[in-house]
Amino acid sequence: MAYIDTLVNTFGGRWFDMHWNPQINTSAWRSAINYYVRLLQDYGPPTASSNGFNQNLTLFENGHCAMWVDATTAAGTLFDPRESAVANNVAVTSAPVAVTPLGSHLLWTWALAIPSTSRHSAQALEFVQWATSKQYVQLVGETYGWTLVPPGTRKSTYEQAQYLRAAPFAQLTLESILTADPRRATLDPVPYVGIQFVGIPQFPNIGTQVGQLIAAAVTGLESTDEVLATSQAVTERVMRRAGYIH
Amino acid sequence: MPDLSITRGPVSRRLPRRHTLAPFLLQAPSVTALLLWSIVPLVMTLWFSFRRYNLLEPSQTGFAHLENYRYLLGDPSLGPAILNTFLLVGWVLVITVGLGTLLAILYDQDFFGRSVTRVMVVAPFFVMPTVSALIWKDMLLDPENGVVAFLMRSVGLKPINWFGTAPLTSIVLIVSWQWLPFAVLTLLTAVQSLDQERKEAARMDGAGPLAMFIYIIRPHLGRAIAAVTMVETIFLLTVFAEILVTTGGGPGYSTTNLSYLVYRYALLETDIGAASVGGVLAILLANLVALFLMRSIAKNLDA
């Protein structure tokens, strides 16, 4: 669903207008979803509608897919010759842009936290500091190879000459992180923050349901128009229930 | 045929009635336990179904009138969910009872390796639903790496994306595979309890295998089939794990049944109020089915 969100953004669409009215049954969404459905039906793997990150990673690593749009974190594994059969034959670039470059690449984060219930918070803090330190990056680079260094965790990683030499995707990852703006991700103004998500508690539910409906368009069980109409209705229901619209 | 049915009524009427407190006191613990067991969850479900209760919005509380009911009844996936629930139960019953009867008759015959194949046919029943669903999804039905895809390719057919193009059929397949052992076991016991002398007599009267099945075995199996149908229906109305693991209720709403719908409301929308309405609806439907089953099938149990 994350890729569909960036696709909708770059086609000029948005989830909600400034008054939280769902904007799914619109021409921007229609062109984005039509493009996505056609792309996957013509060139996608047979189980495209239900594949997750790991299935697609396996397919790509074994040379079954020519192109894959997903998170920058996958690059390290794809360039690792021990894991990937295509390591010497792979290149990276940004996802294509349609109407606007705004919101065409997503931004997400993996965070480490210590629960307040922890009985070993001092040790946990020590671990967190170590796992995010320069020394850890150095250790991974020397032990497992520089392509596998955790990307995007430290600015200094992108000043490491060994890393920049070993990882051809490093510069692009850094640029993508720096240019992704969760506050300005759509062509038209929106009341929410987030590129591939809407920062409200109701969104996981809305996103999952709309994603499941789009899957029906990808498998050809329903048409894009039907799917968008249902998605619009479902999102309106949830937003009305939550009191955003009346 | 001798009347083997247990005679009720007259026996108890012959005993003198004694109005003491003792029997009630003796029954009290089990009756109380049963009441707590069934009535408390029911009352709580009904109570929550009229409350504003969303885990993500703890500030919104209070009586909701019929709001939750209106919300759930307006859900575009409710109709498909009810239909899918019945399609799933119906098809799995047809497949398991049909195949189960045939297999039971087969395993009643004496053939080489019977004990081994009997164990094999029962085995699926002991596999956890999540595990068997994963095996079906990733190892059997996967269009790239699955066994079924390999078999289809080897005879020149194009492998199909089972969970994408025929989602409900795939779920029916998995659930049938899980419940076939139960049907075979129960029906095999019934077949084996058939009097050998009756079979012999029928054979001497010149009954072929088909006549034997229609006039001797099938009527004898009536009770067992009724029992299998009832027990399976109870469990099949609540199929959930197989759907969660394989399709997540999709694509669209094509594999969303009532229990999956309740899950979606309770754990994805975190809307306990609306989920409880789904629960109430499930109770109503289950009782309707039970009523229908008791009327049409329980007759067999008395016969």
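Nothing here was measured: the structure is a model prediction, and the numbers come from that model.

Trainee: Can you tell me about the pattern of salt bridges, naming the residues and giving the values?
Mentor: Under the definition given, this model contains 10 salt bridges over all chains. Of the charged contacts, one joins D108 of chain B and K199 of chain B as a salt bridge, the two residues approaching to 3.2 Å between their closest N and O atoms. Taken as a pair, D108 of chain B in helix 4 (residues 78-108) and K199 of chain B in helix 10 (residues 196-204) lie far apart in primary sequence, 91 residues in all. By relative accessible area, which is 18% here, D108 of chain B ends up buried. Owing to a relative accessible area of 9%, K199 of chain B belongs among the buried residues under this scheme. What you see here is one network of salt bridges that share partners, running through R237 of chain A together with D75 and R264 of chain B.

Trainee: Please provide a residue-by-residue account of the environment of Q202 of chain A, values included.
Mentor: Mapping Q202 of chain A onto the fold places it in the loop between helix 8 (170-179) and helix 9 (203-218). The exposure class assigned to Q202 of chain A is buried, which follows from its relative accessible area of 8%. Q202 of chain A has contacts with V238, A242 and Y244 of chain A together with E57 of chain B, leaving out every residue within four places of it along the chain.

Trainee: Go over unusual backbone geometry, please, and point to the residues and values.
Mentor: Positive phi is not limited to glycine here, since W20 of chain A has a value of about 65°. Position of W20 of chain A relative to the elements: it lies in the loop between helix 1 (2-10) and helix 2 (27-43). Positive phi is not limited to glycine here, since T270 of chain B has a value of about 45°. Position of T270 of chain B relative to the elements: it lies in the loop between helix 13 (258-268) and helix 14 (272-296).

Trainee: Go over a nonpolar patch on the surface, please, and point to the residues and values.
Mentor: Residue and element names in this part refer to chain B. A surface patch of nonpolar side chains, amounting to about 530 Å² of accessible area, comprises V31, L35, I39, L42, V43, L46 and I283. The leading source of residues in the nonpolar patch is helix 2 (residues 22-49), at 6 residues. Locating I283 in the fold gives a position in helix 14. When its relative accessible area of 32% is taken as the criterion, I283 is described as partly exposed.

Trainee: Go over the nonpolar core with me, naming the residues and quoting the values.
Mentor: Soluble globular proteins tend to pack their nonpolar side chains together in the buried interior. Core analysis: the biggest nonpolar cluster contains 49 residues, and W15, F16, W20, W29, Y36, V198 and I214 of chain A have the highest contact counts within it. Elements with a contribution of two residues or more to this core: helix 1, helix 2, helix 9 and helix 10 (224-241) of chain A together with helix 3 (67-73), helix 4, helix 13 and helix 14 of chain B. With 7 residues, helix 9 of chain A is the largest single contributor of residues to this core. Those residues within four positions of W15 of chain A in sequence are excluded, and the remaining contacts are M1, D5, N21, P22, Q23, I24, W29, Y192, V198, F203, I206 and V210 of chain A. With 36 residues, the next largest nonpolar core counts Y107, V175, A202 and V239 of chain B among its residues.

About the criteria used
- All residue numbers here refer to positions counted from 1 along the written sequence of the relevant chain.
- For this description, chains carry letters from A and ligands carry numbers from 1, given in the order in which they are written.
- Totals for whole chains, interfaces and linings use all residues, but because this is a predicted model, local features are given only for residues with pLDDT of at least 70 and pairs of side-chain atoms are given and counted only at 80 or more.
- Excluded from the side-chain calculations are hydrogens and water; all other atoms, namely the structure's heavy atoms, are used.
- Note on definitions: salt bridges are taken to be side-chain nitrogens of Lys or Arg within 4 Å of carboxyl oxygens of Asp or Glu.
- Only DSSP runs of H or I reaching four residues or more are called helices, and only runs of E reaching two or more are called strands; each is numbered from the N terminus.
- Relative accessible area decides the class of each residue, using a 1.4 Å probe on protein chains only: under 20% of the type maximum gives buried, over 50% gives exposed, and in between gives partly exposed.
- Throughout, a residue-residue contact means that at least one pair of heavy atoms, one from each residue, lies within 4.5 Å.
- Only residues above 30% relative accessible area that lack a salt bridge enter a patch, with like-charged residues linked at up to 9 Å and the nonpolar side chains Val, Leu, Ile, Met, Phe, Trp and Tyr linked at up to 5 Å.
- Per-residue accessibility takes into account occlusion by the displayed protein chains alone, with areas from the Shrake-Rupley method and a 1.4 Å probe.
- Side-chain atoms within 4.5 Å are what join buried Ala, Val, Leu, Ile, Met, Phe, Trp, Tyr and Cys residues into a set we call a nonpolar core.

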